[in-house]
Amino acid sequence: MGRFVRAQSNPMLPDPPSPQQLRELGIQDNELRSISSEEVWWRVHKTGGDHVLAWNELRTYGPLLRFDPHALPCGDDPMGRSVWYGASTPDVALAEAFQVDRTIDRECDGPYLTGLSFTRSITVLDVATDSVGAWATRVGGNFAMSTGQHAVTQHWARRIVEAFPDLGGLRYNSRFAGGPCLALFTPAGASMPVRPVLSLPLTHPDLSSRITGAAKRVGYVVV
């Protein structure tokens, strides 16, 4: 997939403390969020083309996206560290999935919209703007974790996973739609359901108004 080039640090988000320092600073109760088994989380995923993953499968290849905890250089993580991304609403899932060219392509690679509920509650570190706590700021960072350069936020993810290996993941804000998203890590894999709440191709007529509304809100094109 080509050579991975590390970007320069974003001055808006400093590099993270060491894992030892993060462990010493710890995580306070109000900085955690419990994701209950009654909540529905959403994901847009392709069903054709290269590198297809099941809707409930964690990815061990990376780092590619914002909070990928995989070791450098880019490839299959030697320690099996994995990640899964989900969104709080279908609109947020669509905005995240088609952010590159801001075009919702309903046919290329057979994209599906899938909603799921976890089989048990998952405890995550809450770095979203509506968090009761302010963990990122308290440990030397800031709320730009949801918007900073991927090379920097991936560095934070690696340090967080090393410092807190039992943590289920992170709750953060979508850069493009604003709503809450999840980046779940390996310990959360045991909470993935076998069957989704809903799973439909984006070409399904029942999704037409939903896709049109989401595209209008964020200024995307639909094809």
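Residues numbered from 1 in each chain as written. Predicted model: local features only at pLDDT ≥ 70, side-chain atom pairs only at ≥ 80, totals over all residues. Heavy atoms only, no water.

1. Here we look at the packing of aromatic side chains
For clarity, the cut-off: Only the six-membered ring of Trp is used, alongside the rings of Phe and Tyr, when aromatic pairs are assigned; centres must lie within 6.5 Å, and planes under 30 degrees apart are stacked while those over 60 apart are edge-to-face, with the rest tilted. Secondary structure counts use DSSP, requiring at least four H or I residues in a row for a helix and at least two E residues in a row for a strand, with both numbered from the N terminus. Exposure classes here rest on a 1.4 Å probe applied to the protein chains alone. A residue is buried below 20% of its type maximum, exposed above 50%, and partly exposed in between.
As enumerated under the stated definition, the model contains three aromatic pairs in all. An angle of 80 degrees between the planes, with centres 5.9 Å apart, marks the rings of W84 and F118 as edge-to-face. Of this pair, W84 sits in strand β5 (residues 83-87) while F118 is found in the loop between β7 (112-116) and β8 (122-126), placing the two residues 34 residues apart along the sequence. Aromatic pair W135 and W156: ring centres 6.1 Å apart, planes at 75 degrees, arrangement edge-to-face. Taken together, the residues span a long stretch of sequence, with W135 in helix α3 (residues 135-138) and W156 in helix α4 (residues 150-163) at a distance of 21 residues. An identical accessibility class is assigned to W135 and W156; each is buried.

2. Here's the deal with the side chain of R59
The cut-off we apply is this: What qualifies as a polar contact is a pair of N or O atoms within 3.5 Å, subject to a donor-acceptor requirement within protein and to the restriction that residues adjacent in sequence count only when both atoms come from side chains. Note on definitions: a residue-residue contact is assigned when non-hydrogen atoms from the two residues lie within 4.5 Å.
Counting through the fold element by element, R59 comes out in the loop between β2 (41-45) and β3 (61-62). A relative accessible area of 14% places R59 in the buried class. Of note is the side chain of R59, whose polar atom sits 2.6 Å from the backbone oxygen of Y61. Apart from residues no more than four positions distant in its own chain, R59 is found in contact with L53, L64, L65, D68, H70, R81, S82, V83 and Y85.

3. Some words on the pattern of salt bridges
A side chain with one charge can pair with a side chain of the opposite charge if their charged atoms come near. Note the cut-off: Salt bridges, as used here, are contacts in which a Lys or Arg side-chain nitrogen is within 4 Å of a carboxyl oxygen on Asp or Glu.
Within this structure, the stated rule accounts for eight salt bridges. A salt bridge links E31 to R138; its shortest N-O distance comes to 2.7 Å. Of this pair, E31 sits in the loop between α1 (19-25) and β1 (32-35) while R138 sits in helix α3, and the two are 107 residues apart along the sequence. Here R138 falls in the partly exposed class, since its relative accessible area comes to 30%. Salt-bridge contacts for R171 lead to D130; the nearest nitrogen and oxygen are separated by 2.7 Å. Of the two residues, R171 sits in strand β9 (residues 169-173) while D130 sits in the loop between β8 and α3, which places them 41 residues apart along the sequence. A relative accessible area of 43% places D130 in the partly exposed class.

4. Remarks on the layout of surface pockets
Under the convention used in this document: Residues are called lining when one of their atoms sits within 4 Å of a cavity or pocket point, these points coming from a 1 Å grid over the protein atoms alone, where a cavity is a set in which a 1.4 Å probe fits but cannot get out and a pocket is an open set with protein on both sides within 12 Å along at least five of seven lines. Grid points are joined across faces, edges and corners, and a volume is the space filled by probe spheres set on the points. Gly is placed with the polar residues, together with every amino acid not listed as nonpolar (Ala, Val, Leu, Ile, Met, Phe, Trp, Tyr, Cys and Pro) or charged (Asp, Glu, Lys and Arg).
The calculated volume of the largest pocket comes to roughly 1400 Å³. Residue lining of the largest pocket: 44 residues in total, with R43, V44, L65, E96 and A97 positioned closest to the centre. Residue assignment for the lining of the largest pocket shows that the elements contributing at least two residues are β2, β5, α2 (90-97) and β9. Ranked by residues supplied to the lining of the largest pocket, first place goes to β5 with five residues. The residue makeup of the lining of the largest pocket, split by class, is 23 nonpolar, ten polar and eleven charged.

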